[in-house]
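Commentary on secondary and tertiary structure
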Amino acid sequence: MPSAPLTPGTISPERAVPASIDRPEYVGQAAPLPYRGPQVRDADTIAAMRVAGRIAAQALDAVEAAIAPGVTTDELDRVGHEFLLDHGAYPSTLGYRGFPKSLCSSVNEVICHGIPDDRPLEDGDIVNIDITAYIGRVHGDTNKTYLVGNVDEESRLLVERTHEATMRAIKAVRPGRQINVIGRVIESYAKRFGYGVVREFTGHGVGPAFHDGLIVPHYDDPTATTVIEAGMTFTIEPMLTLGTAEWDMWDDGWTAVTRDASRTAQFEHTLLVTDAGAEILTLP
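Let me sum up the structure you'll find in this document. Each residue is numbered by its place in its chain's sequence as written, counting from 1. It should be noted that, the model being predicted, local features are given only for residues of pLDDT at least 70 and side-chain atom pairs only at 80 or more, the latter also being counted only at that level, while totals for whole chains, interfaces and linings use all residues. Values shown for side chains rest on all heavy atoms present in the structure; no hydrogens or waters enter the calculation.

With respect to the nonpolar core
What counts here: Nonpolar core, defined: a set of buried Ala, Val, Leu, Ile, Met, Phe, Trp, Tyr and Cys residues in which side-chain atoms within 4.5 Å join the residues together. Think of it in three bands: residues with accessible area under 20% of the maximum for their type are buried, residues over 50% are exposed, and the middle band is partly exposed, with areas taken using a 1.4 Å probe on protein chains only. Going along the chain from the N terminus, every DSSP run of H or I of four or more residues is numbered as a helix, and every run of E of two or more is numbered as a strand. We call two residues contacting when some pair of their heavy atoms lies within 4.5 Å.
Ile 55, Ile 67, Leu 76, Leu 84, Leu 121, Val 127 and Ile 129 are the most contacted members of the largest nonpolar core, which totals 34 residues. Only helix 1 (43-66), helix 2 (73-86), strand 4 (126-135) and strand 5 (138-147) provide two or more residues apiece to this core. Per-element accounting of this core gives the leading share, 9 residues, to helix 1. Apart from the residues lying within four places of it in its own chain, the contact partners of Ile 55 are Phe 83, Leu 84, His 87, Ala 89, Ala 133 and Ile 135. Val 173, Ile 179, Tyr 195 and Ile 236 belong to the second largest nonpolar core, which has 32 residues in total.

Right, dumping it as structure tokens:
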């Protein structure tokens, strides 16, 4: 197996954003304002979210094209940052509660929210890239886990099955169902393979707010009784692990790693609930 446990690298200065690009309200603030709007979106908001979701998905593809052994996660951040700016979008993570970069890069045992730095990717790594586009006053949020070079079979299967868990959960979305159906589907599938399911980091409502207060658990949580309605927009983004689902936080206050240093994978889409199920908004 794979590489030695990760250690924090050097983080480069914050990348600039032209003044012409509209910023979310939280940039320059300690925290975002509470979201007070509806969770069922109107037609104009949905149209804007289709644009934001598509740009985020295209940015992810641009970053994927740069992934290779020897490339630093800071370089991947540069690629994603420049793609979003070139398409008139603001990188939602940049300045969100003080996050210093334009995407999250989570390598090997990093569950989520890894900060891009000067560590080069190594042959055999897996890396999750999480990128969000803010344009038209809405956010489109997506992530994928990628294989770097020649990856061992156990890690490859983890990545493949985490994607499958995500897609199964998306297919379970229907108006009238409680939101806990999503976590039930993910957890039952993950258990077949003995994978851990991270509980504390969840999917969330997304739209005019990056995180609007709606919580989407990825495990079977009987208290998650919110009824899914047509017009809702939210993410599904399960994090599955080869070992424990318990985690520790680095001193940076962002990077969550599995406590036993086991590998972890994640996928994410932003969804629109339709009368028939769910439309994936984060497709290129």
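Moving on from the model shown.
What to know about the sheet that holds strand 6 (residues 196-197)
Rules: Strand pairing is assigned whenever DSSP detects at least two bridges linking the two strands.
Taken in spatial order, the 3 strands of this open sheet run 6-10-13, and their pairing is antiparallel. Pairing within the sheet leaves two strands with one partner each, and these edge strands are strand 6 and strand 13 (264-266). With 3 bridges joining them, strand 10 (residues 239-241) and strand 13 adopt antiparallel strand pairing. Bridge pairing in strand 13 places Thr 241 opposite Thr 264.

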